[in-house]
Amino acid sequence: MTMLRLSRIALVAAVAAFFTLVAFGNVTDYGANWQFVTHVLSMDTTFRDPDLMWRAVTDPTLQRIAYGLIIAWQASTALLLWVGVTRLLRAIGGDPDEFAEARTVAIAGLTMGLLLYAVGFLVVAGEWFAMWQSHDWNGQ
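Reference entry: report on the structure contained in this document. Small disclaimer: the values here were computed from a predicted structure and weren't measured.

Time to look at helix α2 (residues 30-42). Over its 13 residues, α2 extends 18 Å from the first C-alpha to the last, a length consistent with the 18 Å expected when each residue adds 1.5 Å. Turning to α2, its buried residues number three or more, namely W34, F36, V37, T38, V40, L41 and S42. Its buried side turned inward, α2 meets α3 (60-90) and α4 (96-128). Directly after α2, the chain includes M43, whose backbone phi takes a positive value near 55°.

What follows is the structure, encoded as structure tokens:
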């Protein structure tokens, strides 16, 4: 049972490390993904179909707010996952109910991470802002 628990902790820690580095990178190298966000939101590299272009967000203030929310979500996800890892490590030798209770925070963090990519990137960016149409800024 300990091997299964260690495996679960390692997987949560791996996802926590990923979100930590992504958030860190977005803060320390703000411009790299800022370009990506602005192009996706402005839809300037899509097919520019008039039936879709009304969705474009070209106001730099709104774009910065969106990017800030993405970074905040990434950082919050990382934090929640690291709290989850800590709780799981503390409960590693406990009974099954204790370990199950400890994993709730990790599950919340994993859910946040999946929602960011599934909803944020696939649904909102990919479909709403037609990111899939861009040859240069397609993050799917």
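Here the focus is the nonpolar core. If you look at the biggest cluster of nonpolar residues, it comprises 28 residues, and the most contacted ones within it are V12, F36, V40, M43 and L88. Apart from residues no more than four positions distant in its own chain, L88 is found in contact with I9, V12, F99, A102, R103 and A106.

Looking now at the packing of aromatic side chains. This model, assessed by the stated rule, comprises 10 aromatic pairs. Between F18 and F19, the ring centres sit 5.2 Å apart and the planes meet at 80°, which makes this aromatic pair edge-to-face. Ring geometry for W34 against Y67: centres 5.9 Å apart, planes inclined by 35°, an arrangement best described as tilted. Of this pair, W34 sits in helix α2 while Y67 sits in helix α3, placing them 33 residues apart in sequence. Each member of the pair, W34 together with Y67, is buried. Here a set of aromatic residues connected by ring pairs shows up, and it is made of F18, F19, Y117 and F121. R55 extends its terminal NZ or CZ atom over the ring of W128, reaching a point 4.3 Å from the ring centre. A cation over a ring is seen here: R64 above W34, with NZ or CZ 4.2 Å from the ring centre.

Our focus in this paragraph is the layout of surface pockets. The space that makes up the largest pocket amounts to roughly 360 Å³. Around the largest pocket, the lining is made up of 16 residues, and of these I70, L116, G120, F121 and V124 lie nearest the centre. Those elements that place two or more of their residues in the lining of the largest pocket are α2, α3 and α4. The element that contributes the greatest number of residues to the lining of the largest pocket is α4, accounting for seven residues.

Within the secondary structure, N26 is located in helix α1 (residues 2-28). For N26, the side chain forms a polar contact with the side chain of N33, separated by 2.5 Å. Excluding anything up to four places from it in sequence, N26 contacts N33, Y67, I71 and Q74.

Evaluation of the coordinates by the stated rule reveals one cavity of 30 Å³ or more. Of the pockets and cavities examined, the largest cavity occupies roughly 40 Å³.

So, on to the environment of L81. Looking at the secondary structure, you find L81 in helix α3. For L81, a relative accessible area of 0% gives the class buried. Put simply, L81 and G113 are 32 residues apart on the chain and 9.3 Å apart in space, counted from C-alpha to C-alpha.

The next thing to look at is unusual backbone geometry. Of note, M43 is a non-glycine position whose phi angle comes to about 55°, a positive value. Topologically, M43 is positioned in the loop between α2 and α3. Relative accessible area serves as the criterion here: at 0%, M43 is assigned to the buried category.

How each quantity is defined
- Residues numbered from 1 in each chain as written.
- Predicted model: local features only at pLDDT ≥ 70, side-chain atom pairs only at ≥ 80, totals over all residues.
- Heavy atoms only, no water.
- Helix = DSSP H or I, 4+ residues; strand = E, 2+ residues; numbered from the N terminus.
- Expected span 1.5 Å × (residues − 1).
- Buried < 20%, exposed > 50% of the residue type's maximum accessible area, 1.4 Å probe, protein only.
- Contact = heavy atoms within 4.5 Å.
- Core = buried A, V, L, I, M, F, W, Y, C linked by side-chain atoms within 4.5 Å.
- Phe/Tyr/Trp six-rings, centres within 6.5 Å; stacked < 30°, edge-to-face > 60°.
- Lys NZ or Arg CZ within 6 Å of the ring centre and 35° of its normal.
- 1 Å grid on protein atoms, 1.4 Å probe; cavity = no way out; pocket = protein on both sides within 12 Å on 5 of 7 lines; lining within 4 Å.
- Points joined across faces, edges and corners; volume = space filled by probe spheres on them.
- Polar contact = N/O pair within 3.5 Å; in protein donor to acceptor, adjacent residues only side chain to side chain.

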